[in-house]
Amino acid sequence: MQHGKYRFIVGFLAAPLALYALFVIWPFIQSIYYSLTDWTGLSPEFGFVGFDNYSRMLDDEIFWKSLQHSLTLAVVLPLVTVGLALFFAFMLNVGGRRRRGAAIAGVRGSAFYKIVYFFPQVLSIAIVALLFQFAYNPNSGAINSALQLVGLGSIQPDWLGDPDLALLCVMAVLVWSTVGFFVVLFSAGMASIPRDFYEAALLDGANRFTTFFKITLPLLWDTVQSGWIYMGILALGAESFAVVQIMTVGPNGGGPDYSTVVLPLYVYQKAFRDGQAAYATTIGVALLLVTLAFAAIVMKLGRRERLEF
Amino acid sequence: MKTTDTATPGVESPGSPGGSGPTVIKTVAPAARKESKSEGAVLNVFSHGVLIIWAIMVVMPLLWAVMTSFKTDRAIFTSPWSLPDGLHFENWSRAWSQAHMSDYFLNTIVVVGGSLIGTLLFGSMAAYVLARFDFPGNRFIYFLFIGGMSFPIILALVPLFYVMQNLALLNTPHGLILVYIAYSLPFTVFFLTAFFRTLPTSVAEAAFVDGASHTRTFFQVMLPMAKPGLISVGIFNFLGQWNQYLLPTVLNTEQDQKVLSQGLVQLATSQGYKGDWSGLFAGLVMAMLPVLAAYIIFQRQVVAGLTAGAVK
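Now for a look at the structure at hand. The numbering scheme is per chain: residues are counted from 1 as the chain's sequence reads. Ligands are numbered from 1 and chains lettered from A, in the order in which they are written. In keeping with the model being predicted, local features are shown solely for residues with a pLDDT of at least 70 and side-chain atom pairs are shown and tallied solely at 80 or more, while totals for entire chains, interfaces and linings include all residues. Side-chain descriptors were evaluated using all non-hydrogen atoms of the structure, hydrogens and water having been removed beforehand.

**Considering the nonpolar core**
Here comes step 1: Formed by 207 residues in total, the largest nonpolar core has its most connected members in A:Phe186, B:Phe196 and B:Leu251.
Here comes step 2: It is helix H7 (residues 166-191) of chain A that provides the largest number of residues to this core, a total of 16 residues.
Here comes step 3: Ignoring sequence-local partners within four residues, the contact set of B:Phe196 consists of B:Ser124, B:Ala127, B:Tyr128, B:Ala131, B:Arg132, B:Phe218, B:Met222 and B:Ala226. As used in this record, nonpolar core signifies buried Ala, Val, Leu, Ile, Met, Phe, Trp, Tyr and Cys residues forming a set joined through side-chain atoms within 4.5 Å. Throughout, exposure labels follow a simple rule: accessible area from a 1.4 Å probe, protein chains only, divided by the maximum for the residue type, with under 20% read as buried, over 50% as exposed, and the rest as partly exposed. Runs of E in the DSSP output that reach at least two residues are strands. Runs of H or I that reach at least four are helices, and both are numbered from the N terminus. Here, residues are in contact when the closest pair of their heavy atoms is within 4.5 Å.

Okay, here's the thing in structure tokens:
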């Protein structure tokens, strides 16, 4: 297979690699360089300022707020989402009435539940955010009206307008839209665990909760861990940007009193609203470091002996 | 792995640990069976309850949106949960024509169609070479592609905006297509490289020995064999690109170039459209229905495509 091999390799790699280098790699390298300049993004001239942007960032109160919110999202969202999804997936696959001859069984209609739970995953995050913005509307939104219908009319929170609640509302939407994906993912993993393991454990008198922690979770650990990282990256990146930017308007965007501003939104605002492109890339570098640190910590904490079956 | 397959005292040994289900269960002592049965029943009621509650929580907002899209503006504000007093289809037609939903749809179809074809073509070309050929730099290029999966796009967006501006690609469909392709390559290459490695080499070698060029072997032998992988990764990219919001928000700000998700958000916030909530809901539902319908029809493939990368 040597004839014309290198010509073929170059020919096939050239176009994809060129596109990738021009639109992905090159901007990433540039952004690290720009973070050391005073570039506004509006004019082509700029000067090299060293680490000025970085020291400015450390004094920037809103940067710390957005970092704090992003970290909250990165810790709380995977915890809630992955936890809920594991719970649902276990119910779907093991929680059913025991049928004749089977040690464990999924609930009746588990295929139906999986289809329904997955709905939000195929919708655009922008559409989901818009929908919930209406639902959260304090005066005539679906949630407060529903409270009124069930006789809780005295509780009418301002949801997105309340600085104490706004971030929670944002998180709820992200959980709502992603749980289904993990339910399906974990279900697929659970389905591949041999049934004999459960049968043997149940024979030994283990109850469902023991079987979950001693069999299901250890054997599913790789999938759970990659799900955890995936959810964290999503919480730090584009999805949280879309939800916060669309749902929490506020005078400056990012909710009342910057109560929901997150790192990607702050990068966007600095670059495309305030004309501070260099400073924006500095915050972007911070976001990159947070993301990499997050992935590294999860992988380190999650390292276990790999189980094969 | 090792499991606790030691037989319980007093219980007839089930024989080999890998024994089939029925024989194992029959050997359980009556008392134990009864106890676990009642536990199963309670658990069954409990799990159905929990599962139904979440199903309702997922479906309610969607049904509510559909219902609201048929209401008058007045009804939306005065009684958000009551059924519409009639089916106001004029909301839909108004959103379709006056609110430019038809344009947004067309733009999205053009951009996603173009980038999907490009992503699959370029992704499979790169993945094939990386999976099947040994050459200096192979690993480096592979990891260069894979690395893109973990970087936050927002960091690259600021310089990318100016790269696009300098190339006169801002606010053009072909510019957006190229960017979508570039940002879809990491996962596509990752997925398809693994896929091409699993395909047998003998067929390709036979074709090559018969005188087919590498290029011809790829297009006429390997690509048809890779069809299942292409479908999976194609669905994944279709949903991702159809739902893309961040990239067009920054790179595509011209009014008549907007794609669906950003067009809808703009409708919701723009001054000009203020007041027409029913039209906005109609637009929202219009954007939701095609993907939901496609998902229900191709449910199996969508799930397989979306979870393929994450399950080992």
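There is more to say after this.
**Describing the interface of chain B and chain A**
Here comes step 1: If you look at the interface, chain B gives 112 residues, while chain A gives 108 residues.
Here comes step 2: Once two parts are put together, the accessible area they lose, assessed with a 1.4 Å probe and summed over both, is termed the buried area. Carbon and sulfur atoms make up 79% of the surface buried where chain B meets chain A, a total of about 9800 Å² over both sides.
Here comes step 3: Here a salt bridge means any side-chain nitrogen of Lys or Arg lying within 4 Å of a carboxyl oxygen belonging to Asp or Glu. Here chain B and chain A share zero salt bridges between them.
Here comes step 4: Polar contact is defined as a pair of N or O atoms within 3.5 Å, subject to the rule that within protein one atom must be able to donate a hydrogen and the other to accept it, and that residues adjacent in sequence are counted only when both atoms are side-chain atoms. Taken together, the links from chain B to chain A amount to 13 residue pairs in polar contact (both at pLDDT 80 or more).
Here comes step 5: Looking at side-chain class alone, the side of chain B that touches chain A contains 86 nonpolar, 21 polar and five charged residues. Classification convention: Asp, Glu, Lys, Arg as charged; Ala, Val, Leu, Ile, Met, Phe, Trp, Tyr, Cys, Pro as nonpolar; all other residues, Gly among them, as polar.

**With respect to the environment of A:Phe186**
Residues and elements named next belong to chain A.
Here comes step 1: On the secondary structure map, Phe186 appears in helix H7.
Here comes step 2: Along the chain, Phe186 and Trp228 lie 42 residues apart, while their C-alpha atoms are 12 Å from each other.
Here comes step 3: The residues contacting Phe186, other than those within four sequence positions of it, are Val82, Ala85, Leu86, Ala89, Leu220, Thr223 and Val224.

**Thoughts on a nonpolar patch on the surface**
Here comes step 1: Excluding any residue in a salt bridge, patches collect residues exceeding 30% relative accessible area, merging like charges within 9 Å and nonpolar Val, Leu, Ile, Met, Phe, Trp and Tyr side chains within 5 Å. Only the protein chains shown count as cover for residues, and all accessible areas are computed by the Shrake-Rupley method using a 1.4 Å probe. A cluster of nonpolar side chains, A:Leu22, A:Trp26, A:Ile29 and B:Leu167, forms an exposed patch at the surface whose accessible area comes to about 370 Å².
Here comes step 2: Tracing the sequence through the fold places B:Leu167 in the loop between helix H7 (153-166) and helix H8 (173-198).
Here comes step 3: Under the relative-accessibility criterion, B:Leu167 is labelled partly exposed at 42%.

**Notes on empty space enclosed by the protein**
Residues and elements named next belong to chain A.
Here comes step 1: A cavity here means a set of 1 Å grid points, computed over protein atoms only, where a 1.4 Å probe fits but cannot escape. A pocket is an open set with protein on both sides within 12 Å along at least 5 of 7 lines, and lining residues have an atom within 4 Å of a point. Grid points are joined across faces, edges and corners, and a volume is the space filled by probe spheres set on the points. A complete count under the given rule lists one cavity of 30 Å³ or more for this structure.
Here comes step 2: Empty space within the largest cavity amounts to approximately 30 Å³.
Here comes step 3: Lining the largest cavity are Asn93, Val94, Ile104, Met190, Ala191, Arg195 and Tyr198.
Here comes step 4: Of all elements in the fold, only helix H3 (61-94), H7 and helix H8 (195-203) reach the threshold of two or more residues within the lining of the largest cavity.

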